[in-house]
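Here are the chains, one letter per residue:
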Amino acid sequence: MSVRPDPLYHLPAARGGAQRERMAQLEAAGICIFCAEHRHEHPQPVEHVGEHWWVTQNAFPYAGTLAHYLIVAVPHVASFDELPDAAGAELWALKRMLKARLAPLATATVERSGDMRLNGGSVAHLHTHFVVLDPEPAATVRFRVSPRVPQ
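Residues numbered from 1 in each chain as written. Predicted model: local features only at pLDDT ≥ 70, side-chain atom pairs only at ≥ 80, totals over all residues. Heavy atoms only, no water.

Here we look at the overall build of the protein chain
Thought 1: On a plain count of helices and strands, the protein chain comes out with three helices and five strands.
Thought 2: In the protein chain, the succession of α and β elements from N to C terminus is α-β-β-β-α-β-α-β.
Thought 3: Radius of gyration (C-alpha) of the protein chain: 15 Å, near the 15 Å computed for a compact globule of 151 residues.
Thought 4: Across its three principal directions, the C-alpha atoms of the protein chain cover 40 × 40 × 25 Å.
Thought 5: When each of the 151 residues of the protein chain is scored for burial, the buried share is 40%.
Thought 6: Contacts spanning at least 24 positions in sequence make up 60% of the contacts within the protein chain whose residues lie at least 6 apart.
Thought 7: When the accessible surface of the protein chain is summed, it comes to about 8,100 Å², and 56% of that surface belongs to carbon and sulfur atoms.
Thought 8: Side chains of the protein chain give 14 positive and 15 negative charges; the mean places of these two sets differ by 7 Å. (Helix = DSSP H or I, 4+ residues; strand = E, 2+ residues; numbered from the N terminus. Rg over C-alpha atoms; globule rule 2.2 N^0.38 Å. Buried < 20%, exposed > 50% of the residue type's maximum accessible area, 1.4 Å probe, protein only. Contact = heavy atoms within 4.5 Å. Areas by Shrake-Rupley, 256 points an atom, 1.4 Å probe, with all protein chains shown as cover. Lys, Arg positive; Asp, Glu negative; His and termini not counted. Charge placed at Lys NZ, Arg CZ, Asp CG, Glu CD.)

Quick look at the structure:
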């Protein structure tokens, strides 16, 4: 397990007040919601646990998606290169599993690695977003991947 970064959350990256409030509460308590010992506190059920990753629906899904899953690294790491090569193969298998289960017309994935203050991330624990795209979305799906906060 890597040394936990300080802070665990990047509040400016929250997409709304409820998410920001939850992140602030978790930060104050020193809880990484994605670490194995706190997985039970995640508001959505854990749907799969593998050797390197676990899967859940996002409690704060992006607008314009039909489904939004998180594929979360089991160990507390901030970057993909902290995991063994076998984790990459398992990640691809999990994405195929979700695609087979959901039968989407189209998907998108984003994984932010490294310093969340620079990559637009909100949680300092490596995870991949897997979203099912709506053919006629009410909003354009936007993944922030830079430090600039929209005005």
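Details of the packing of aromatic side chains
Thought 1: What the rule picks out here adds up to two aromatic pairs.
Thought 2: Measuring from centroid to centroid gives 6.2 Å for F34 and W54, while their planes differ by 75 degrees, and the two rings are edge-to-face. Here F34, found in the loop between α1 (17-29) and β1 (46-49), pairs with W54, found in strand β2 (residues 53-57); they are 20 residues apart in sequence, far enough to count as distant. With respect to burial, F34 and W54 carry one shared label: buried.
Thought 3: With a centroid separation of 4.8 Å and an interplanar angle of 65 degrees, the aromatic rings of Y62 and F143 are classed as edge-to-face. (Phe/Tyr/Trp six-rings, centres within 6.5 Å; stacked < 30°, edge-to-face > 60°.)

Let's talk about the side chain of H76
Thought 1: Note that H76 resides in the loop between β3 (65-73) and α2 (85-102).
Thought 2: For H76, the side chain forms a polar contact with the main-chain oxygen of A124, separated by 3.1 Å.
Thought 3: At a separation of 3.0 Å, a polar atom in the side chain of H76 contacts the side chain of H125. (Polar contact = N/O pair within 3.5 Å; in protein donor to acceptor, adjacent residues only side chain to side chain.)

By themselves these figures say nothing about function.
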